[in-house]
Amino acid sequence: MILFRLELKKLLHCPALWGLFAVFLLYDGVIVWQSVGRQKEKIAEQYRILQETDFTVPGEEAARSLAVSDNYRESEYGRFILNYKGIYESFNFEEVSPEARPEEWSAFQNRLMDRSAAMASRVRQIRESGEDQNVFYPETIYRIYDSLFRNLFRSILLEIMILTVFTFLYLMDYERASGTEDIAFLGQKGRKLWAVKGAAALCVSLLYAALLLGLSLPLFFVFVPMKELWQTPISSFMMTEWTADGDIMPLISLAPLSLTAAMHLRFALLLLFILLTALFSAAFWLFLHSSFRAVILYGAGFLVLLVLPYFLPETESAGILTELAYLTPVRLWLDSGKWFVFRNLITAYNGNELFGVSLWLLTASILCLISVRRFIKRDCQ
Amino acid sequence: MRVFGKECRKLFRPGRSLGLLLFMAAALVLISRTAQFPDTHDKAYEELVKEYGPTLDQAEYQTLLKAKSVYIEELGGEGWSRDRVHWAEIMADESKRQFVFLVDAIERIEEEIQFGYGFAFEKEPTETLKEQLRSCTPQEAARILFIVQTKELPLSSPGICEIMESDPLLLLILVLIGCGVLILPYQLLDKNLETASLMVSTRVGRRIFHLKIRACAAAGAAAAFVAALLHLALLWLNGVMIFWNVPVCGLGLRGIPFWVDLTFGQYLLLWIGLLVLAGITAALLCALAARLSGSFITALTLALPALAIYGWGIHACTAVPLSLWYGDTFPASLFRTAGVPLLVLAALTLASEIVLRLDARRDIL
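Residue numbers restart at each chain and count upward from 1, following the sequence in its written direction. As a convention, the first chain written is A and the first ligand written is 1, with the rest following in written order. Selection of residues for local features in this predicted model requires a pLDDT of at least 70, selection of side-chain atom pairs for listing and counting requires 80 or more, and totals for whole chains, interfaces and linings are taken over all residues. Neither water nor hydrogens contribute to the side-chain values; these are computed over all heavy atoms in the structure.

1. Let's talk about the overall build of chain A
- Only runs of H or I of at least four residues qualify as helices and only runs of E of at least two qualify as strands under DSSP, and these elements are numbered from the N terminus. When its secondary structure is counted, chain A shows 16 helices and 2 strands.
- The principal-axis extent of the C-alpha atoms belonging to chain A is close to 80 × 60 × 30 Å.
- The rule is simple: take the accessible area with a 1.4 Å probe, protein chains only, and divide by the maximum for that residue type; under 20% is buried, over 50% is exposed, in between is partly exposed. Taking all 381 residues of chain A together, the buried fraction comes to 51%.
- Note on areas: Shrake-Rupley, 1.4 Å probe, and residue coverage restricted to the protein chains presented here. Summed over its atoms, the accessible surface of chain A is roughly 17,800 Å², and 63% of this surface lies on carbon and sulfur atoms.
- In chain A, the 35 positive side-chain charges and the 38 negative ones have mean positions that sit 12 Å from each other. When charges are counted, Lys and Arg contribute as positive and Asp and Glu as negative, whereas His and the chain ends are disregarded. The location of each charge is read from NZ of Lys, CZ of Arg, CG of Asp or CD of Glu.

2. Points about the domain arrangement of chain B
Residue and element names in this part refer to chain B.
- Residue ranges labeled as domains rest on an automatic or database domain assignment. Entries for chain B in the domain assignment read domain 1 (2-37 + 156-361) and domain 2 (40-154).
- Each of domain 1 and domain 2 was reduced to a C-alpha centroid, and the two centroids are 38 Å apart.
- By definition in these notes, contact holds between two residues if any of their heavy atoms fall within 4.5 Å. With 28 residues of domain 1 at the contact, the number on the domain 2 side is 22 residues.
- Both faces combined, the contact of domain 1 with domain 2 buries some 2,000 Å², and carbon together with sulfur accounts for 65% of it.
- Sorting the residues of domain 1 by area buried against domain 2 places I242, L251 and R254 first, and these three jointly supply 32% of that buried surface.
- Put simply, a salt bridge is a Lys or Arg side-chain nitrogen that is within 4 Å of an Asp or Glu carboxyl oxygen. Here R254 and E112 are joined by a salt bridge, their closest N and O atoms 3.0 Å apart.
- For the purposes of these results, a polar contact is taken to be a pair of N or O atoms within 3.5 Å, where, inside protein, one atom must be able to donate a hydrogen and its partner to accept one; residues adjacent in sequence count only when each atom of the pair is a side-chain atom. Connecting domain 1 to domain 2 are 7 residue pairs in polar contact (both at pLDDT 80 or more).
- Split into classes, the residues belonging to the side of domain 1 that touches domain 2 amount to 14 nonpolar, 10 polar and 4 charged. Summed over both partners, the accessible area (1.4 Å probe) lost when two parts come together is defined as the buried area. Lys, Arg, Asp and Glu make up the charged group, whereas Ala, Val, Leu, Ile, Met, Phe, Trp, Tyr, Cys and Pro make up the nonpolar group; the residues left over, Gly among them, are polar.

3. Description of the interface of chain A and chain B
- On the side of chain B, 15 residues touch chain A, which itself brings 17 residues to the contact.
- In total, chain A and chain B occlude about 1,400 Å² of area from one another, counting both sides; carbon and sulfur atoms represent 85% of this.
- The largest per-residue losses of area from chain A upon contact with chain B belong to A16(A), F166(A) and F292(A), which jointly make up 35% of the total buried on that side.
- Viewed at the interface, chain B and chain A are joined by 0 salt bridges.
- The interface formed by chain A and chain B holds 0 residue pairs in polar contact (both at pLDDT 80 or more) in total.

4. A look at the packing of aromatic side chains
- The aromatic pairing rule takes the rings of Phe, Tyr and Trp, using the six-membered ring of Trp, and pairs them if the centres are within 6.5 Å, calling planes under 30 degrees apart stacked, those over 60 edge-to-face and the rest tilted. A full pass over the atoms with the stated rule returns 31 aromatic pairs over all chains.
- Ring centres of Y145(A) and F149(A) lie 4.7 Å apart, and the angle between their planes is 70 degrees; this geometry places the pair in the edge-to-face category. With a gap of 4 residues between them, Y145(A) and F149(A) both fall in helix α8 (residues 144-172), about one helical turn apart. Like Y145(A), the residue F149(A) is buried in the burial classification.
- Taken together, Y145(A), F149(A), F153(A), F273(A), W339(A) and F340(A) form an aromatic cluster joined through their ring pairs.
- Two limits define a charge over a ring: the Lys NZ or Arg CZ must be within 6 Å of the ring centre, and within 35 degrees of the ring normal. Over the ring of F149(A) we find R266(A); its NZ or CZ atom is 4.0 Å from the centre of that ring.
- Sitting over the ring of Y186(B), K212(B) keeps its end group 4.1 Å from the ring centre.

5. Points about the confidence of the model for chain B
- This prediction gives chain B a mean pLDDT of 85; 95% of its residues lie at or above 70.
- When mean pLDDT is taken per element in chain B, helix α13 (residues 264-291) of chain B scores highest with 93 and helix α5 (residues 84-92) of chain B scores lowest with 69. Here pLDDT means the predictor's own confidence in every residue, given as a number from 0 to 100.

Spelled out as structure tokens, the structure:
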């Protein structure tokens, strides 16, 4: 316990890491200001309109009267409702029954078509249950969901991963940098020190994550009132947004999910991401015995995983590799704005994010075990 | 000089240097706009430059218009683009397809002249141009009017302008990464090998700190040169060099309004100069970050935000140097392009000098 406390102290007394944390916090503040802070009056006025309509979707007549209102915000809101209220009516996925599918289709194509059929049934479920008829800030106008999850959350996730890597490598390399490594290696207790270091680094990483989330997210919600809106399902027609291809599309959650549930699931996945980064950091350092090489390996791995999906086929000849390329931690981080919602047919099944992270956790654990065994057998240099 | 050579050898370790070189080359090939050059539209402008040279005078423009009618005849006369069956046939035929893009390129030039973006000497500005001039300062308006009153119309392509706008940022990022990879471990080498105390114990040893900073600056410049050379090689391989003498100062999609008349080659040389300046500054930043740190991770923790802020700032100042896009005057634009990077470099050199002097007075590090 004394060792753990001392290792913890080393990390907590490192000004460079706190400096980096402060820079990240400042950057998040800039993101919040850029995305919602600058339009806080508009958002507040929209919230007032939602309050006046009792947080229910106005009917056709009410929407029409809102659309012709002199108040610009009200008229914008009314027009949005008239345009997109029935978006799920005109939207569906292709369905081809197994009997009607051409024989030359590969297993992968068949799987994609199954997923397309599942999405079609999910869209029907949304329509029938009325999941889409819930109010929120109109996404094409205020981009609240996009700002919160794609801009802010994605950036926080990357920052937490960077801080985790740095925290681990800093502590693992501490003895080498201080010239006390040989002494630590001499005794059995000395070698166990690295396990204590791992535990301390994980605790501090969690602390950084809690602080970053705990300071950035409330700042976001200072500008975006969310009272009565937390239970809005993600699949509400209010979340209709412009895609990168210039199409208009609602956010279709793969299972019925409210914003609160989605937030909780995100926190759970974030914890898994921290664990994954921690395991890889420990494994890389134990294997390479150098923080510089570990950082280079991290950077190279990140870039390879980033470009990998672009080099794999997506059509007939695509297979399991293409599917796995979409489930790498890097790809999942890139797509973190669209976790639990439809991104593409390749990842259109429930729990794809959890499956991807678990797969990589398993890989990292195996790598970590190998590295630890190798480290224990190591002679003094 | 001998010690400096040894320090440089420590800096440019073969494996690390080769890895960095491969990384830079791969990034340029995979991400840069140059790697996608020439697309079908650029090929048409390439043909025009081969035939007419870097610019068009009015006589050549008339010849070009005649050539356009010949191309249209080859494509099946007026209305060729509306016939969908015919269109499919044209696109299947390689030689005819080239005519399509040539016609497209000539029509774009015609359109620009109609908008009053070229050959506008002794003419009143068109409505389109007047609309643009309304949001300009008097100096900018005067410069734009000077640009459009050209008697020689540049034959640059939209792809060239895209290269000018997007590739410099990629090169800057590569140079910043290069500086980090080369300098941070090098500056910490003596601490890791525990030879720093030995160094500071003698006068000659203490002088090595000066040499180390110089070696770092040289490494930054070298990283910038290598990135620029790789980019030039890619430009040459993809046939962009044919546009070297083509003026790029203009309005519309085929030009950027600059405060001075620049050709594509001159613009590239200007950017290489700025990149070298950025490389040296980034090298000094990394050297200082490593000097203030005890381990690679702390150095990286300091260098990462410092490089990111520097890169963002320098990109904001010099993304398209000397262009009219920033809404300032020519002297302000010149200061933004050259003055700001030089001032930052001067400040960092001063900071390095102060750190070196403090080191010289210290007993043991």
